[in-house]
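Spelled out from the first residue to the last, the chains are:
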Amino acid sequence: MRLPALADRWLPRLVLAPTIAASLVFVYGFIALTGWLSLTESRMMPNYEYAGFAKYAELFELDRWWVAATNLGIFGGLFIAFCLAAGLLMAIFLDQKIRAEGALRAIYLYPMALSFIVTGAAWKWILNPSLGMENLVRGWGFENFTFDWLVDPDMAIYTVVIAGMWQSSGFVMALFLAGLRGVDDSIIKAAQVDGASLPVIYRRIVIPSLRPVFFSVLLILAHIAIKSFDLVMALTAGGPGTATTVPAVFMYQYSFSRGQLALGAASSMMMLATVLAVLVPMMYLETKGARHGR
């Protein structure tokens, strides 16, 4: 076999080999290690002696874990719903070929350029009753105005939703806008000739054609919600009390602050199971729809 043919055959494999090897070791290898640690009695340091599923039973008996899971359900559900709604509306607005579209698109996308740590720190200041929004409005003369969600245990989780939505909705907008720009204009013009109004066109024709985009957006937002750690730590540190503790914060606290490494590993595996529980059905439905031409 000639040298160019050998190069064409093996060069791509050689280029990809380091990335594949690194992924196998530092992603799947450490997932396997975490899974094994969850089946041990590891505390401050790893203990590789098999101990069964005792840590999972202990995890499910902890009220703090169920509080974290409930907070994740509230945060994840509202975060995904609001990001979808805001991103889709902004994308439809920009799809009307308005003036200054480029500037508005950059403004909408700007929060995504920030890290969740920066977003959490900024919103912690904005929502601080003594420094931010409440103090500002009271300075305008509205002495009875209160907005103390950040320090209210019943409302603190919604401040995390606000900050997360502010950062991620612009990215969702960009994905939806790309999908809208890919819709065939001839279909829309034909519907307009038939007398369909713009809202009807979007509701009946355009939005249903964005199914692959919806799949991607849901997958990305669910992944962001489940692994949320830095935003929560920067904004509320899991408080007040346990009001905003989510599984990622629970895992960090038990693994590295309380010396319960096996229990933290068990919570990590439950987070992975949650990701798979979201990912697998969505991928099945998407591939099934693709096979049937939908």
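Look a little higher up for the structure.
Attention in this report is confined to the structure presented alongside it. Keep in mind the model is a prediction, meaning the values are calculated, not measured. (Residues numbered from 1 in each chain as written. Predicted model: local features only at pLDDT ≥ 70, side-chain atom pairs only at ≥ 80, totals over all residues. Heavy atoms only, no water.)

### Regarding the packing of aromatic side chains
The geometry of two aromatic rings is summed up by the distance between their centres and the angle between their planes.
Working step 1: A complete count under the given rule lists 13 aromatic pairs for this structure.
Working step 2: Measuring from centroid to centroid gives 6.4 Å for W149 and Y158, while their planes differ by 65 degrees, and the two rings are edge-to-face.
Working step 3: Ring-pair connections join several aromatic residues into one group, and the members of that group are W65, F250 and Y254.
Working step 4: In this structure, R258 packs its charged tip against the face of Y254, placed 4.7 Å from the ring centre. (Phe/Tyr/Trp six-rings, centres within 6.5 Å; stacked < 30°, edge-to-face > 60°. Lys NZ or Arg CZ within 6 Å of the ring centre and 35° of its normal.)

### Things to note about the layout of surface pockets
Where empty space is left can be seen by rolling a probe of water-molecule size over the atoms.
Working step 1: When its volume is computed, the largest pocket comes out at roughly 580 Å³.
Working step 2: What lines the largest pocket is a set of 25 residues, among which I31, S268, M269, M271 and L272 lie closest to the centre.
Working step 3: Elements represented by at least two residues in the lining of the largest pocket include exactly α1 (3-37), α10 (211-226), α12 (247-257) and α13 (261-291).
Working step 4: Here the element with the most residues in the lining of the largest pocket is α13; it accounts for eleven residues.
Working step 5: Residues that form the lining of the largest pocket fall into these classes: 19 nonpolar, five polar and one charged.
Working step 6: Together, 14 residues line the second largest pocket, and D95, K97, D185, I188 and Y202 are the ones closest to its centre. (1 Å grid on protein atoms, 1.4 Å probe; cavity = no way out; pocket = protein on both sides within 12 Å on 5 of 7 lines; lining within 4 Å. Points joined across faces, edges and corners; volume = space filled by probe spheres on them. Helix = DSSP H or I, 4+ residues; strand = E, 2+ residues; numbered from the N terminus. Nonpolar A, V, L, I, M, F, W, Y, C, P; charged D, E, K, R; others polar.)

### Things to note about the packing of helix α7 (residues 156-181) against α10
Working step 1: Relative orientation of the contacting elements α7 and α10 amounts to 165 degrees, with a least axis distance of 10 Å. Our classification of the angle between α7 and α10 gives roughly antiparallel. Seen along the crossing, α7 lies across α10 with a hand that is right-handed. The segment α7 lies against α10, with S168, F171, V172, L175, F176 and G179 engaging V213, F214, V217, I220, L221 and I224.
Working step 2: For the contact of α7 with α10, the class distribution of residues is ten nonpolar, two polar and no charged. (Axes fitted to C-alpha atoms, helices over the stretch in contact; angles between N-to-C directions. Parallel < 35°, antiparallel > 145°, perpendicular 65-115°, else oblique. Left-handed = near helix turned anticlockwise from the far one by under 90°. Contact = heavy atoms within 4.5 Å.)

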